[in-house]
Amino acid sequence: MTTTPFGRMVTAMVTPMHDDGTLDLDGAQKLASYLVDRGNDGLVVNGTTGESATTTDEENVDLVRAVVEAVGDRARITAGVGTNDTAHSVAAARNLAAAGAHAALIVTPYYNKPPQAGIVEHFRAVAGATDLPAMAYDIPGRTGMALTSDTIRALADVPNIAALKDAKGDLAAGVQLMAETGLAWYSGDDALNLPWLALGATGMVSTVGNVDAARLAALIAAVDAGDLAKARTLNDELAPLIAAVMNVTQGCIQAKAALHLLGVIDSDFCRLPLLPAPEDHRALLRDTLTNLGLL
């Protein structure tokens, strides 16, 4: 599988925690190895799925160091550095680069609702804080602000910004922007992984990759080989898992519950305001994992 500065089969890794809510760094190293062994050539650490909203700057540094130590010679480690405070994000980017991250993920500033010109300058400042390749993250459902096509064109001219993670789902605009900008395009929505790959996306940044990276890696390989029939079969197999992880509650909650059921992590603790999966959601996961031959 051809790689990029970020990898192609990239999982947005959950952050393992103990039952008391403290960081489980040994568990993070075990999980990172598990994921890379199953086909990931990249991991995102400290992203949304990693509960970045409730981890501290110090914990983020410790987590990046631990994951780089465990798998940094086998996979590209991208650190989430984005907040809605540009100065904070700049400091985070520098600290996580010093901790060994290979790349940075920068989310659109949320809550503030800045003008598009302010968004561009935010990305310029954060991407310019280090020499790391950076991936811009467009997820208006969480940030309240979509990146316009003109903003994405402007970001493509910002040094270090080499990719875009698309969780907006505008396939028509994405095709045009991929051709115009040369940015490496990543599916940020597991339900759209196959459509994005078929249209020329570089890869995916997946929550479901925590649970079944092997099938997702096979999906990329099938599209690369031009075997659309195999890709559709794999996508059909993955569809119930995508629904079970992403459609019943927050994806992080279900991904942790699935990994706990699989015995990969010792606890499915999530920090408030997130809660561990209730039993009916766990039962859905148990059935789905069993049907897929994972459990």
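These numbers come from a predicted model, not from an experiment.

## Here's the deal with the overall build of the chain
- Broken down by element type, the chain carries twelve helices and eight strands.
- Taken against the 2.2 N^0.38 rule, which gives 19 Å for 295 residues, the C-alpha radius of gyration of the chain at 18 Å falls within 12% of a compact globule.
- C-alpha atoms of the chain, sized along the principal axes, occupy 50 × 45 × 35 Å.
- For the chain, buried positions account for 56% of its 295 residues.
- Sequence separation of 24 or more characterises 70% of the internal contacts of the chain that already satisfy a separation of 6 or more.
- Looking at the chain as shown, the accessible area adds up to about 11,600 Å², and 52% of this sits on carbon and sulfur atoms.
- Taking the 20 positively charged and 34 negatively charged side chains of the chain as two groups, their mean positions are separated by 2 Å.

## Some thoughts on the packing of aromatic side chains
- Following the criterion strictly, the structure yields two aromatic pairs and no others.
- Aromatic side chains F6 and Y186 sit 6.1 Å apart centroid to centroid with 80° between the ring planes, which places their arrangement in the edge-to-face category. Separated by 180 residues along the polypeptide, F6 in the segment before β1 (9-12) and Y186 in strand β7 (residues 184-187) bring together distant segments of the chain. We note that F6, like Y186, is buried.
- For the ring pair W185 and W196, a centre distance of 6.2 Å and an interplane angle of 40° mean the geometry is tilted.

## Quick look at the UniProt feature "site: Part of a proton relay during catalysis" (unreviewed entry) in the chain
- The UniProt feature table records "site: Part of a proton relay during catalysis" (unreviewed entry) at T48 and Y111.
- Structurally, T48 is set in the loop between β2 (42-45) and α2 (57-71).
- When near neighbours in sequence (up to four residues on either side) are disregarded, T48 contacts Y137, R142 and Q250.
- Position of Y111 relative to the elements: it lies in the loop between β4 (103-107) and α4 (116-127).
- Setting aside its immediate chain neighbours within four residues, Y111 contacts N84 and T143.

## Considering unusual backbone geometry
- The peptide bond linking L272 to P273 adopts the cis configuration, its omega dihedral lying at 15°.
- Along the chain, P273 falls in the loop between α11 (251-261) and α12 (279-291).
- With a phi close to 70°, Y111 is a non-glycine residue in the positive phi region.
- Given the relative accessible area of 74%, Y111 is considered exposed.

## Some points on the sheet that holds strand β8 (residues 203-206)
- The eight strands lie next to each other as β1-β2-β3-β4-β5-β6-β7-β8, forming a closed barrel whose pairing is parallel. Averaged over all adjacent pairs, the angle separating strand axes in this sheet is 25°, with direction ignored.
- Bridge count between β1 and β2: three bridges; the pairing is parallel. Along β2, the bridge assignment pairs V10 with G42.

## Quick notes on the pattern of salt bridges
- Applying the stated criterion across every chain yields a total of 13 salt bridges.
- One salt bridge in this structure joins R8 and D224, with 2.7 Å as the shortest N-O distance. Of this pair, R8 sits in the segment before β1 while D224 sits in helix α9 (residues 209-224), and the two are 216 residues apart along the sequence.
- Taking the relative accessible area as the measure of exposure, R8 reaches 8% and is therefore buried.
- With a shortest N-O distance of 2.7 Å, E59 and R271 are connected by a salt bridge. In this pair, E59 sits in helix α2 while R271 sits in the loop between α11 and α12, placing the two residues 212 residues apart along the sequence. For the pair E59 and R271, a shared accessibility class is recorded, and that class is buried.
- Via salt bridges that share partners, D268, E279, R282 and R286 belong to a single interconnected network.

Thresholds applied
- Residues numbered from 1 in each chain as written.
- Predicted model: local features only at pLDDT ≥ 70, side-chain atom pairs only at ≥ 80, totals over all residues.
- Heavy atoms only, no water.
- Helix = DSSP H or I, 4+ residues; strand = E, 2+ residues; numbered from the N terminus.
- Rg over C-alpha atoms; globule rule 2.2 N^0.38 Å.
- Buried < 20%, exposed > 50% of the residue type's maximum accessible area, 1.4 Å probe, protein only.
- Contact = heavy atoms within 4.5 Å.
- Areas by Shrake-Rupley, 256 points an atom, 1.4 Å probe, with all protein chains shown as cover.
- Lys, Arg positive; Asp, Glu negative; His and termini not counted.
- Charge placed at Lys NZ, Arg CZ, Asp CG, Glu CD.
- Phe/Tyr/Trp six-rings, centres within 6.5 Å; stacked < 30°, edge-to-face > 60°.
- UniProt positions renumbered as here; feature names shortened; annotations may be inferred.
- Pairing = 2+ DSSP bridges.
- Axes fitted to C-alpha atoms, helices over the stretch in contact; angles between N-to-C directions.
- Salt bridge = Lys/Arg side-chain N within 4 Å of Asp/Glu carboxyl O.

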